[in-house]
Structures are given as C-alpha cells and as structure tokens.
Amino acid sequence: MEFIQNYVTAHNLVISAGILIVAYFFIALDKIPKVTIALLGAVITIILGLVSQTKTVDGLINQLYFINFVDFNVIFLLVSMMIIVLITTRSGVFNYIANELLKLTKGHPIKVLVTLGLFTAFVSAFLDNVTTVILIMPITFSICKKLDINPIPYLLCEVMASNIGGTATLIGDPPNIIIGSTGGLTFMDFIKELTPGVAVIMLAVMIFYVLCFRKVLVTTKEKMAEVSKIDNSNTITDFNLMIRSTIVLVLVIIGFMLHDVIHVETCIIAMLGACVLLLFEKPTEILREVEWNTIFFFVGLFIIIGGLEASGGIKMMAEWVLNVTDGNQNATAMIILWASGIISGFIDNIPYTATMAPMILEIEKATSIDYAYPLWWALSLGACLGGNLTIIGAAANVIVSENAAKAGYPIPFMRFMKYGVGVVLISLVISTGYIYLRFLA
C-alpha cells in the first residue's frame, strides 16, 4: 500500500490527467451513464489520494479536502432553479404564452418557425435547455399536424435556438453557471456582456433557417386558419399556482440583477425562491423530479478535476496556453473561442467547461483580471454555441432526436450536422467579431 501511495505521489499529474481523459472518453462514448462515470472517477481520485479524505490535518483546515473542490454555488443554484422551473411548469403558463404567440402568426409556416425559434431562445435564457425543449415539443408536433408539415425543420430550429438562447444569461446553460461561479461573474455581467452578441447571433441563425426551409414549409389557407384558432382556454391548469410561481420566478430574476446591490449570492436567492414555492407543495413529489443524475454528475466531475488541479495540471495547462500564444490576449481569446466551439460539438460541454474554467482562473492569476476578462466570454460563447454542431453536442439535442424518432420523424446524425455546421460557423464568426470589437479592439 505504501508503495502504491509513493507511486501515486510521484506521478500524480499523469494519473489525475489519465483519470480525466478516461472519464471524457467514456462520457463521449455514451454507453455508461455519465453520472456513474463521474462518481466512479471521483471515488478513484479520492482513494488514490489525489485529493484528501480528511477535513483537517493537525487541527488545521486541509486545503486538499475533496469537498473543497465541489462548487456548491453551482450545485445549489442548479437544484433551486430546477425546483422553481418544475413548479412553474405545472401551472401551464409557458404553454399558454406559446399558444398566444402562435395565434399571432395566423398559422403561416415561416412565421410559426420564427415565433417558435425566438420563443424557445427567450425561454432558454431563464430555464435550462432540456426543460425548454420538453415544453415546446408537444406544441410543435400539434401545430405541424394541423399544418400537415414535417416537424423536423421546426425541431432543428428550436433545439439550436435553445442552445443559443441559453448562452445569454448566467442561468441559461450549465457551462455559464460554472463560468460565473469560477470567474466571480454576476447575472448582470452576463446580460451586459453576452446578451447583445447572442441577440445578433440568434437573428442571423433565424435568417439562415428561413432561407433553408422557405420552400418546404408550405401549407393551405384552410390549415393555417386552424392554427390561428387554437383553443387556449384550458391551458392554465392551476391559476393560483401560475400567479404564485410566476411572481417568485420574476422576483428571483430581479434578485439576480440586484446582486451587486444586495450582496446576496445567486444560489442563495434561488434557494429562497425554491423554499417559498415548496411551502405550498409536497416536497417529496417535487424533489423526485429534480434531475439528480445531473447534480451528482457535477459533484463527481468537480472532484476529478480537483485531482488534476491539486497535482498542478490546471496550472500547467494555463502556462501552456500562454506560451503557445506568447501571451497575446487576442490570440488566446480566439483559440479558446474556436477550440471550445469545435470540441463542445463532440463532447459534453459541461465537463469541458468544468476543466477550462479553472485553467482561465490560473491564467488570470498569472496575468491580470483585465487580461482574463475576455477569455471568460470566449469560453462561454464557444462552449454553449458549439453544442449545436452535432446531435450529441448538448443534452437538449439528444432529447429532441429521441422524441422525434418516437413520433416517427428520425433525425439522422449527418442531417443534424448538415445544419449544425452552418449554425455553429455563423455563431463563431459573429462571436469572433463581437469579442474583438467589445473587448479587444
């Protein structure tokens, strides 16, 4: 046992990097549940002593204690927002808003495409992407049935819009939550620095989709009239719940915006909102629906990356990036943006971001806050927008493809990628110009 311990101590960097790479491989392979891989990797990291099992050493706080590497700001913010969204969704308020917007289109197929795309992007800025597409898919199938149109163009537009819209805010996509917590960036920082750029990207992508599908999205005037008369009278299932949950959701978002004034962390604000709503619900029922797989996936991942951080691997990565770019801020930002955009198309953007965020923090320590500031936004744009590249690039993509196949409309990998390449290329080109003009010029 002592021999093993000595060997691990002597080769901790290689071993910790090896655990992370193997975990990445199996996550990308998607044959074993991601949460199982992350937790197994975390346990191995702890058992090998890459991070410590003990909270104190000689009466002093142990900096290598494995719990120290778990970012509970991220964990509690995710759990709390999941609870708020689950409860709010039960009222039917999101479906009601979507139906009212669709009535305004008068059933015109192209207008329906644009409306569903923009609505999905907006909602994804405040709800997680998976929840958003789960909400919008039944509406999409219903509308397409009435219009007698293949739903695949709408589904492709919606899922990619959800990934773009989620990029705009701190709570819109899990990578942003990690970046915000690691970089000390607030909800309003994301609104100020990313939302304008994301709005331009979304507009460009919608034009792209209109041009791609304008010839296939056609129907009769009779069928259009059917959509314009959607019965929305019974969509709200619980009026009191709708009022209560909407007020809490709005107040939570206002609380996020006032972070710099009230000095309360976003995770605490979200926890307060979740607790208020749980006072009127059966907590057991709500907590049963929380995506615990995602939460424990984060926990395991933080510990694995903690092993690499403790061994000095993250610092070494930061030094390598600075050496490659010769310390040039423009080059560093563009490498992070484009590498993140391409890599996130093929592997889960959550573990990728969880690895890259500490690296940028090390770059910040080695240079300055001003130097690293554009790098956080480059990472966010690349990691979130890159998820549109392939069908495995984001969890929402997988959910949509599975549901489309069940409904009799399978989306082949290459068909998704055909449009994904165009969307990601548009997104990264605009992001390049945006980051340069806003932060580097």
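Residues numbered from 1 in each chain as written. Predicted model: local features only at pLDDT ≥ 70, side-chain atom pairs only at ≥ 80, totals over all residues. Heavy atoms only, no water.

Draft legend 1. Region of interest: the side chain of Ser-401. When you line up the elements, Ser-401 lands in helix α22 (residues 395–406). Look at Ser-401 and you get buried, because its relative accessible area is 14%. A distance of 2.8 Å separates the side chain of Ser-401 from the backbone oxygen of Val-398, its partner in a polar contact. (Helix = DSSP H or I, 4+ residues; strand = E, 2+ residues; numbered from the N terminus. Buried < 20%, exposed > 50% of the residue type's maximum accessible area, 1.4 Å probe, protein only. Polar contact = N/O pair within 3.5 Å; in protein donor to acceptor, adjacent residues only side chain to side chain.)

Draft legend 2. Summary view of the pattern of salt bridges. Across all of its chains, the model carries 8 salt bridges by this definition. Note that Arg-438 is salt-bridged to Glu-193, the shortest N-O span being 2.8 Å. Of the two residues, Arg-438 sits in helix α23 (residues 413–440) while Glu-193 sits in helix α10 (residues 187–193), which places them 245 residues apart along the sequence. Residue Arg-438 is classed as partly exposed on the basis of its relative accessible area, which comes to 38%. For Glu-193, a relative accessible area of 6% puts it in the buried group. For the salt bridge of Glu-362 with Lys-365, the shortest nitrogen-to-oxygen distance reads 3.7 Å. You can see Glu-362 and its partner Lys-365 sitting in helix α20 (residues 349–366), 3 residues apart, about one turn around the helix. The exposure class assigned to Glu-362 is buried, which follows from its relative accessible area of 16%. Given the relative accessible area of 60%, Lys-365 is considered exposed. The structure contains a network of salt bridges with shared partners spanning Arg-90, Arg-244, Glu-281, Glu-285 and Glu-289. (Salt bridge = Lys/Arg side-chain N within 4 Å of Asp/Glu carboxyl O.)

Draft legend 3. Local environment of the nonpolar core. With 148 residues, the main nonpolar core has Met-81, Tyr-154, Tyr-209 and Phe-256 as its most contacted residues. Top element by residues in this core is helix α4 (residues 72–90). It accounts for 11 residues. Contact partners of Tyr-154, with chain neighbours within four places excluded, come to Pro-109, Val-112, Leu-113, Leu-116, Thr-140, Cys-144, Leu-147, Ile-149 and Leu-217. (Core = buried A, V, L, I, M, F, W, Y, C linked by side-chain atoms within 4.5 Å. Contact = heavy atoms within 4.5 Å.)

Draft legend 4. Highlighting the packing of aromatic side chains. Under the defined criterion, the tally for this structure stands at 15 aromatic pairs. With a centroid separation of 5.9 Å and 35 degrees between ring planes, the pair formed by Phe-72 and Phe-76 is classed as tilted. In this pair, Phe-72 and Phe-76 are both assigned in helix α4, 4 residues apart and thus about one turn of the helix distant. Taken together, a centroid distance of 6.4 Å and an interplanar angle of 70 degrees make the contact between Phe-297 and Phe-298 edge-to-face. Across this residue pair, the class does not change: Phe-297 and Phe-298 are buried. One aromatic cluster is present, built from ring pairs that chain together Phe-190, Tyr-373, Trp-377 and Phe-439. Its guanidinium or amino end placed over the ring of Phe-297, Lys-34 lies 5.1 Å from that ring's centre, counting from NZ or CZ. The ring of Phe-280 carries Arg-244 above its face, with NZ or CZ at 4.4 Å from the centroid. (Phe/Tyr/Trp six-rings, centres within 6.5 Å; stacked < 30°, edge-to-face > 60°. Lys NZ or Arg CZ within 6 Å of the ring centre and 35° of its normal.)

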